[in-house]
Amino acid sequence: MALASPVASVIVFVVSLLIGAVGIYAGARVIVGRADYDHAIVTALIGAIVWAIVGFVVGWIPLVGPLLALIAYVAVINWRYPGDWTAAAMIGLVAWITVLIVLYALAALGVTGFDAVGVPGL
């Protein structure tokens, strides 16, 4: 029996959010020594919402729109974790790399597509 479309969408969103949170968790643990997965989930959710809003408002502007969305995403990490803007950017970079690796492995196994909520560009 196939899942109804809204139910399937919610499941995909939740799984993608959890994968995105794994990346933020890994980044925060490596860069600032903060190992709290619940905190990473909330950060991924807030980051995804802020990214979507900024992307909707200014994302259509070539180069500037995506750059502002990325800065807003890093600002969320900076707000949620200790450290400065450099630490926040490094957490975001480690998150992106971690999620890229996880998604590649899952896609290679045929488990999921190549996208995640809470980490931009994936």
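Residues numbered from 1 in each chain as written. Predicted model: local features only at pLDDT ≥ 70, side-chain atom pairs only at ≥ 80, totals over all residues. Heavy atoms only, no water.

> Explain the overall build of the chain to me, please; I cannot follow it from the model alone.
Along the chain, the regular secondary structure elements total 4 helices and 0 strands. Listing the helices and strands of the chain from first to last along the sequence gives α-α-α-α. Looking at the chain as a whole, 34% of its 122 residues qualify as buried. Sequence-distant contacts in the chain: of pairs separated by 6 or more residues, those separated by 24 or more amount to 54%. (Helix = DSSP H or I, 4+ residues; strand = E, 2+ residues; numbered from the N terminus. Buried < 20%, exposed > 50% of the residue type's maximum accessible area, 1.4 Å probe, protein only. Contact = heavy atoms within 4.5 Å.)

> For this particular structure, what's the right way to read the nonpolar core?
Soluble globular proteins tend to pack their nonpolar side chains together in the buried interior. Ranked by internal contacts, the top residues of the largest apolar core, which has 13 residues, are I24, A40, A44, Y73, I77, Y81 and I91. Listed by contribution, the elements that provide at least two residues to this core are α1 (5-32), α2 (37-58), α3 (64-80) and α4 (85-108). Of all the elements, α1 adds the most residues to this core, at 4 residues. (Core = buried A, V, L, I, M, F, W, Y, C linked by side-chain atoms within 4.5 Å.)

> Whenever I open this one, a nonpolar patch on the surface confuses me. Can you help?
A surface patch of nonpolar side chains, amounting to about 820 Å² of accessible area, comprises V10, F13, V14, L18, L45, I49, I53, F56 and V57. Those elements that provide at least two residues to the nonpolar patch are α1 and α2. Mapped onto the secondary structure, I49 falls in helix α2. Owing to a relative accessible area of 44%, I49 belongs among the partly exposed residues under this scheme. (Patch = residues over 30% accessible without salt bridge, like charges linked within 9 Å, V, L, I, M, F, W, Y side chains within 5 Å. Areas by Shrake-Rupley, 256 points an atom, 1.4 Å probe, with all protein chains shown as cover. Salt bridge = Lys/Arg side-chain N within 4 Å of Asp/Glu carboxyl O.)

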